[in-house]
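So you can see what is in the structure, the chains are spelled out below.
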Amino acid sequence: MSTPPRAGRAHRLFPAEPRVREVAADLYGEVADASIISPHGHVDPRILADDIPFADPTELFITHDHYVTRLLHSAGVSLEDLGLDPAHTVDPRQPWRTLAAHWHRFAGTASGYWLTDELESLFGVTEELSPENADAVYDRISSALRTDGFRPRALFRRFRIEVLATTDDPLDDLSVHARLAADPSFTGRVVPTFRPDAYLDPEASGFADRIERLLDATGRSATFDGYLGALEDRRGFFVDHGAVSADHGVLKPFTVDLDAAAADRLFAGALAGGLSDAEARLFRGHMLFQMARMSTQDGLVMTLHPGVRRNHHRPTSEVFGPDTGHDIPVRTEYTENLRPLLEAFGAVPGFHLVLFTVDETVFSREIAPLAGFYPSVYIGAPWWFLDAPDAMRRWRSAITETAGFYRSSGFIDDTRAFLSIPARHDASRRVDAGVLARLVEEGRVSAPTARRIMRDLVDAIPREVFKL
Amino acid sequence: MSTPPRAGRAHRLFPAEPRVREVAADLYGEVADASIISPHGHVDPRILADDIPFADPTELFITHDHYVTRLLHSAGVSLEDLGLDPAHTVDPRQPWRTLAAHWHRFAGTASGYWLTDELESLFGVTEELSPENADAVYDRISSALRTDGFRPRALFRRFRIEVLATTDDPLDDLSVHARLAADPSFTGRVVPTFRPDAYLDPEASGFADRIERLLDATGRSATFDGYLGALEDRRGFFVDHGAVSADHGVLKPFTVDLDAAAADRLFAGALAGGLSDAEARLFRGHMLFQMARMSTQDGLVMTLHPGVRRNHHRPTSEVFGPDTGHDIPVRTEYTENLRPLLEAFGAVPGFHLVLFTVDETVFSREIAPLAGFYPSVYIGAPWWFLDAPDAMRRWRSAITETAGFYRSSGFIDDTRAFLSIPARHDASRRVDAGVLARLVEEGRVSAPTARRIMRDLVDAIPREVFKL
Amino acid sequence: MSTPPRAGRAHRLFPAEPRVREVAADLYGEVADASIISPHGHVDPRILADDIPFADPTELFITHDHYVTRLLHSAGVSLEDLGLDPAHTVDPRQPWRTLAAHWHRFAGTASGYWLTDELESLFGVTEELSPENADAVYDRISSALRTDGFRPRALFRRFRIEVLATTDDPLDDLSVHARLAADPSFTGRVVPTFRPDAYLDPEASGFADRIERLLDATGRSATFDGYLGALEDRRGFFVDHGAVSADHGVLKPFTVDLDAAAADRLFAGALAGGLSDAEARLFRGHMLFQMARMSTQDGLVMTLHPGVRRNHHRPTSEVFGPDTGHDIPVRTEYTENLRPLLEAFGAVPGFHLVLFTVDETVFSREIAPLAGFYPSVYIGAPWWFLDAPDAMRRWRSAITETAGFYRSSGFIDDTRAFLSIPARHDASRRVDAGVLARLVEEGRVSAPTARRIMRDLVDAIPREVFKL
């Protein structure tokens, strides 16, 4: 046995047992430099279209990352002091110093891991952040950000991003995407994603006005058929602009196939604002069903991100708006809820339905069994609170024995934090290498097959699942 | 430290850490050759009664194994092409080639592990299945199947099966079991299992006709008391033919003790087909309660396999029938549902209730605490989707700290695939050896006690739980 | 690499991998001798006030420990034979011999681990308990118990207990606590905990009488406001006697903020005994809300221990009373249930709410996300069935990536078994050392930060969470 690799940066996230680590390092080597396919995320395409330098370390790492602000908030720091209240400006050094003072609170968290990786990989910061070095690190990052190498497009190339999906409103004119596509000096592929939640939920605030705008924009009549046609029109517009998927962030993945009369009646009630809770649920369930139906026709991959109670702390959302760190998961059920949809479309060739969750209990119980039968169903990569090394291992353990590696979706970074994209994909690759290495060492997967799987996980699989 | 054993066939499924692996290998040695007790499964007893050679590799490994066909189906292969539609014959070589072409999809799955083990242990196939070797492997297996050593009874002896339980309809005449028992040239023990689901659920299709046949067969009257008597008669008939358990595959393990008048009224309504959903639930709950009551009287071990939505994709079941790979688990609750049953019978001496689940969340929360108090309750081994190495480890981890090793049921293979029986029991033994080895190395169980537990898990415990 | 430490007593509960074990041992060394802070438990303060020797090994280790009696009961031993029926005396040697005869059943359980640790650490018993040595071990313990070194106060000092919280009825006069506080020869800190469950649940038996006693004791009127005032009075009395927390053992953590008229009406109905199930639920939910409101005013830390169906087997509780081993967990929901409470008080400075659970599924899904945003919310340490090495690891794995180490509560022993306190805290420290060591070896936490966290987990964190 050669001297085993010691713990350290090169072997981070690999299991500690020396032989497993050795195999993991070998497998990771297959994909360490593979390009990044990012088929679902929340980066603003303007940063690439305009290629404007990032402002400062605080804006880059803190203000827009609700993973970071929520943990500082839990430590008693107000969101206002972190610069989240547009009405109050703060010196950007202050939030950075606050982060440094609370840095021990991030130990063991996914955010702590990513930030550490980004600070070292991108800015050469190898010390742990602390009150003592906070200003020096801030200055080092600030200097780097003023160089051309740290402008968004340069980083896009350096990160080897091949495809980047954004998330967009159905009425977005996609002019930014069009501008990027037409720009000969930008060779990356940035595609929009159709995200119609607010157009499908009669209880969403401003629903009737929004539908009126939708019908106006498409020249459709205010009937249920007109409404469906308008949605189909906008999906078609997204397809024309390169979209490959439509994303659905419902509270519960309930689906139902209503008859035409019932749908008409509920649509009229939804516009009039007079639906009961039960009727609103039926309407949403029918629209999720209709979205699947449309996917079988226009080919958009349907991704489902259910089970999050948004804006749990109303006083915070009233001041600071949505996505401020207090969206909290709830228990989610797929087997019964998705049955109508899957009975109708689960075996339709070409239909792809990717099931994400922040309720781990469904991985072995519901999602893996569904994906292990329905050719349309793929197991979404660990999402949000579960996008972290231990959670990824639990996920692989929970799904693989039932559904193998080829029914999983490939990694999804789902991030607003552009700079964290490579750290996130790299973490996923390292964890998968460790998982596969364990299976190799336990005699459950052969080394050549493990190498093939490793490569497919970052390339063939996301291309197949997202039709890229 | 001596040279640690390298990963390989002999050490498969043992943890990678060398000392844990060494202890695991030692513990496994205690039971590697122990005979197999299989107290719950779905093998057709005719194959042993008639001792007819298996037809071909496809029938043996694919057609009747819905774990295999479902994963091929999820890859886009039609069940018709796999030979599941009796109206369309397929060349048996084709499904085998299809399996070989999709073999990478089985990497990391339980089925992939078992098939690999069977191919090597039984047929000496050490290469991974591939399109290149598919025909050669097919031919090798076919040749073997034509030899006497691969006829069912020879394999039964070679597998060291001591007891094999089948699963049978309450009106089965058990003549096949009687024939086997009377055959002096067959010395194994093959026992029937009473499985009355379709006789207890008023919403099962054909319920009234089935009950009429039951009453006719037993000469009982069409009253609730007559119905109970008829079930008791048939249980007695099973006991006379060697049955040790009655198995119950309900959707929810709801139980209730109704008074006589309510039971009479619901029974009449069930026969007339006029029960509401709520009434049907009450009837089923009362009948599960009655099954426990009967077990306290006739001694049949009560096994409960709840929580599976059968035939999730109706279009598939309409063409290909049940057990075609799309039974999907649902969340299951035991604490409140079983309370009436356990208050009445949970402490009755001699009553045994084995709780299985495909909802892992109940292991630490409900089943282990129940089995850690009620002398009647045993923790069923990981079942179906959970009968796999990682899931077994999670199971032991979830139950042992609350209930120890002696409240678990011993391994249950639950299989239709006769050839997979030794691979499945062996996998369970290897995983348990690894679990115990870890506890030994962490100073939590002494080595002598670990050896005793290891032996008891495959012998004393299943004999006690299933009264063998 | 130096010779790795072999498995053994000194390294118990550390992971087996030699380098991880080495780091774990190092981290454990930071806190091995740290004093014990026990902010939640069920020790009877009289044993310290009166400092009376423990009677015998059976009373000490069996009779009052329902973790032990339940597992013996599951093996078919009657609670009467274990001495739990006051009407039947048993020779204390008999339960001890019974425990010895069933000792293998405790292998791998938390109780088995603690007892083994206590027998060795306190009484020098290094053999496994067995029928052969049962009497000799009994005699050795009995002799020790008659020495001064084994009287409660001597053990309190030897255990290095700095703070010990008891659990008390709101109408307790706390005279025992006052006596201890006033005793110059006892320098420990023993604080009461306000536990008002039976005063908040209109369905608790004897509710109206109990409220009458409460109102009498405080001189308050029989109105809802009088009732709130009476509870505030008693909380104040507890605060005056050193209490730092109020504990709530509800079935479901439902909360609601009712208007004054509704609360008045429900209170009147509760006293009259005429509330429907739905009304009783509203009343309980409003009272949990009121308890939080009071905590924001009087500063008592609010701890929540929900989700246990008490006295599952009524026949046993009728004979042997509560806490006899058949309290069984149920599924629990926090996100929606706690929303009214957290919207009102979740961001109130100084309010502390510690969420415990015996439903593991909520750790990653609900509790960690809540604690990762709300400054008031802390993640309770693994409780009851989950207070065991593997469960603790699962807990750290489930919460840390979302919320870090600093949103967890510090260890809580929650025990009636005074002698088990050091074994339990030591187990927690060992497990945390192993968890941190793995993170260090995987390059996820630096060694200096791991050492800081290790120390904070047993000192700074419980002091902060429980305001000590």
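Definitions and cut-offs
Each chain carries its own residue numbering, running from 1 in the written order of its sequence. Each chain is given a letter, starting from A, and each ligand a number, starting from 1, according to the order in which they appear as written. Only residues with pLDDT of at least 70 get local features here, since the model is predicted, and only at 80 or more are side-chain atom pairs given and counted; chain-wide, interface and lining totals rely on the full set of residues. Hydrogens and water are ignored here; the side-chain numbers use all heavy atoms of the structure. We call two residues in contact whenever any of their non-hydrogen atoms come within 4.5 Å of each other. By convention, the term buried area covers the 1.4 Å-probe accessible surface removed from two parts as they join, with the contributions of both added. Any Lys or Arg side-chain nitrogen located within 4 Å of an Asp or Glu carboxyl oxygen qualifies as a salt bridge. We define a polar contact as two N or O atoms separated by no more than 3.5 Å, with the added condition that, inside protein, one atom must be a possible hydrogen donor and the other a possible acceptor, whereas residues neighbouring each other in sequence contribute only through side-chain atom pairs. Working definition: helices are DSSP H or I runs of at least four residues, strands are E runs of at least two. Numbering for both runs from the N terminus. Under the convention adopted here, Pro, Cys and the residues Ala, Val, Leu, Ile, Met, Phe, Trp and Tyr are nonpolar, Asp, Glu, Lys and Arg are charged, and Gly plus all remaining residues are polar. Between the first and last residue of a helix there are one fewer steps than residues, each counted as 1.5 Å, and that sum is the expected span. Note on exposure labels: buried denotes an accessible area under 20% of the residue type's maximum, exposed denotes more than 50%, and partly exposed covers the range between, all computed with a 1.4 Å probe on protein chains only. Here the copies were fitted onto each other by least squares, based on C-alpha atoms from residues at pLDDT of at least 70 in both. For the purposes of this description, domain bounds are those given by an automatic or database domain assignment. DSSP bridges decide pairing: two strands pair if at least two such bridges lie between them. Note on definitions: angles span 0 to 180 degrees between N-to-C directions of axes, and those axes are lines fitted to C-alpha atoms, for helices only across the stretch in contact. For Phe, Tyr and Trp, rings pair up if their centres lie within 6.5 Å, where Trp contributes its six-membered ring, and each pair is then called stacked (planes under 30 degrees apart), edge-to-face (over 60) or tilted (otherwise). Counting as a charge over the ring demands two things of the Lys NZ or Arg CZ atom: a distance within 6 Å of the ring centre and an angle within 35 degrees of the ring normal. For classification, angles of less than 35 degrees are called roughly parallel, those exceeding 145 degrees roughly antiparallel, those between 65 and 115 degrees roughly perpendicular, and all remaining angles oblique.

Caption draft 1: Focus on the interface of chain C and chain B. Every contact between the two is made by 52 residues of chain C and, on the other side, 45 residues of chain B. Of the roughly 4200 Å² buried at the junction of chain C and chain B (both faces included), carbon and sulfur atoms supply 51%. By the criterion of area lost to chain B, the three top residues of chain C are His104, His312 and Arg331 of chain C, representing 16% of everything that side buries. Here Asp390 of chain C makes a salt bridge to Arg444 of chain B, at a shortest N to O gap of 2.9 Å. Our count for the chain C to chain B interface comes out at 27 residue pairs in polar contact (both at pLDDT 80 or more). Listing elements by their share of the side of chain C that touches chain B, those giving two or more residues are helix H1 (18-31), helix H4 (66-74), helix H6 (110-123), helix H15 (314-320), strand S7 (328-329) and helix H18 (389-403) of chain C. Among the elements that make up the side of chain C that touches chain B, the one with the highest residue count is H18 of chain C (five residues). When the residues that make up the side of chain C that touches chain B are grouped by side-chain class, the tally is 22 nonpolar, 14 polar and 16 charged.

Caption draft 2: Broad picture of helix H20 (residues 447-458) of chain A. Residue and element names in this part refer to chain A. When the terminal C-alpha atoms of H20 are compared, their 17 Å separation across 12 residues agrees well with the 16 Å that a helix rising 1.5 Å per residue should span. Listed as buried for H20 are Thr449, Ala450, Ile453, Met454, Asp456, Leu457 and Val458. Where the residues of H20 are buried, they touch helix H1 (18-29), strand S1 (36-38), helix H18 (389-403), helix H19 (421-441) and helix H21 (460-465).

Caption draft 3: Just the relation of the copies chain A and chain B, in detail. Turning chain A through 120° and shifting it by 0.0 Å along the axis lays it on chain B, with an RMSD of 0.0 Å. Classification of the inter-copy transformation places it as that of a three-fold axis. Closest to the rotation axis within chain A is the C-alpha of Glu17 of chain A, separated from it by 3.5 Å. When the interface residues of chain A are mapped onto chain B, a mere 7% of them again fall at the interface, so the copies present different faces.

Caption draft 4: View of the environment of Arg452 of chain B. With respect to the element layout, Arg452 of chain B can be found in helix H20 (residues 447-458). Put simply, Arg452 of chain B and Glu30 of chain B are 422 residues apart on the chain and 9.0 Å apart in space, counted from C-alpha to C-alpha. In this view, Arg452 of chain B contacts Tyr406 of chain B together with His104 of chain C; residues no more than four positions away in its chain are not counted.

Caption draft 5: Up close: the interface of chain A and chain B. Taken together, the 46 residues of chain A in the interface contact 52 residues of chain B. Taken together, both faces of the contact between chain A and chain B bury some 4200 Å²; the carbon and sulfur share is 51%. When the buried area of chain A at its contact with chain B is split by residue, Arg365, Phe373 and Glu401 of chain A rank highest and sum to 19% of it. In this assembly, chain A and chain B are joined by six salt bridges. Here chain A is connected to chain B by 28 residue pairs in polar contact (both at pLDDT 80 or more). Among the elements of the structure, H1, helix H16 (339-345), helix H17 (362-371), H18, H19 and H20 of chain A are those that each provide at least two residues to the side of chain A that touches chain B. Across the side of chain A that touches chain B, the residue classes tally to 17 nonpolar, 12 polar and 17 charged.

Caption draft 6: Local environment of the domain arrangement of chain A. All names here are of chain A. The domain architecture assigned to chain A consists of domain 1 (55-150) and domain 2 (159-465). The interface is formed by 18 residues belonging to domain 1 together with 19 residues belonging to domain 2. Three residues stand out in domain 1 for area buried against domain 2, namely His66, Tyr67 and Trp114, and they jointly supply 34% of the buried area on that side. One can count zero salt bridges joining domain 1 with domain 2.

Caption draft 7: Main features of the sheet that holds strand S9 (residues 377-379) of chain C. Residues and elements named next belong to chain C. Across the sheet, which stays open at both edges, the four strands sit in the order S4-S5-S8-S9 with parallel pairing between neighbours. Looking at which strands have only one partner, the edges of the open sheet turn out to be strand S4 (245-248) and S9. This sheet shows a mean twist of 25° between the axes of neighbouring strands, independent of strand direction. Relative to strand S8 (residues 353-355), strand S5 (residues 301-304) runs parallel, the two sharing three bridges. Following the sheet pairing, Leu304 is matched in S8 by Leu355.

Caption draft 8: Representation of the sheet that holds strand S2 (residues 161-165) of chain B. All names here are of chain B. An order of S1-S2-S3 is seen for the three strands of this open sheet, with the pairing classed as parallel. Every other strand in the sheet has two partners, leaving strand S1 (36-38) and strand S3 (189-191) as the edge strands with one partner each. Taken over all neighbouring pairs, the strand axes of this sheet differ in orientation by 10° on average, direction set aside. When S2 meets S3, the two strands line up parallel, connected through three bridges. The residue of S3 that forms the bridge with Ala165 is Val191. In the packing of helix H19 (residues 421-441) onto the sheet, the strands contacted are S1 and S2, and the crossing angle to S1 comes to about 105°.

Caption draft 9: Expanded view of the packing of aromatic side chains. Tallied over the full model, the rule gives 69 aromatic pairs over all chains. A centroid spacing of 5.6 Å and a plane angle of 45° characterise the contact between Phe159 of chain B and Phe418 of chain B, whose relative ring orientation is tilted. Taken together, the positions of Phe159 of chain B in the loop between helix H8 (152-158) and S2 and Phe418 of chain B in the loop between helix H18 (389-403) and H19 put the pair 259 residues apart, joining distant regions of the chain. Judged by its relative accessible area of 3%, Phe418 of chain B falls in the buried class. By the ring-pair criterion, three or more aromatic residues cluster together here, those being Phe61, Trp96, Phe123, Tyr138 and Phe150 of chain A. Positioned above the aromatic ring of Tyr378 of chain A, the side-chain terminus of Arg407 of chain A is 4.5 Å from the ring centre. For Arg424 of chain A, the ring lying beneath its charged end belongs to Tyr67 of chain A, and the centroid distance is 5.2 Å.

Caption draft 10: Local environment of the relation of the copies chain C and chain B. When chain C is fitted to chain B, the best match, at an RMSD of 0.0 Å, comes from turning it 120° and sliding it 0.0 Å along the axis. Interface overlap between copies: only 6% of the residues of chain C at the interface are likewise at the interface in chain B, consistent with a contact formed by different surfaces.

Caption draft 11: Focus on the pattern of salt bridges. Across all of its chains, the model carries 135 salt bridges over all chains by this definition. Measuring nitrogen to oxygen at the nearest pair gives 3.4 Å for the salt bridge that ties Glu442 of chain B to Arg438 of chain B. Overlapping salt bridges bring together Arg9, Arg12, Asp117, Glu120, Asp426 and Arg430 of chain A as one network.

Caption draft 12: Main features of the packing of H18 of chain B against H18 of chain C. Look at H18 of chain B against H18 of chain C: their axes get within 8 Å of each other, and the N-to-C directions meet at 130°. One finds that H18 of chain B runs oblique with respect to H18 of chain C. Residue-level inspection shows Ser397, Ala398 and Glu401 of chain B of H18 of chain B in contact with H18 of chain C, the latter providing Pro389, Asp390, Ala391 and Arg394 of chain C. Along the lines of polarity and charge, the residues of the contact of H18 of chain B with H18 of chain C split into three nonpolar, one polar and three charged.

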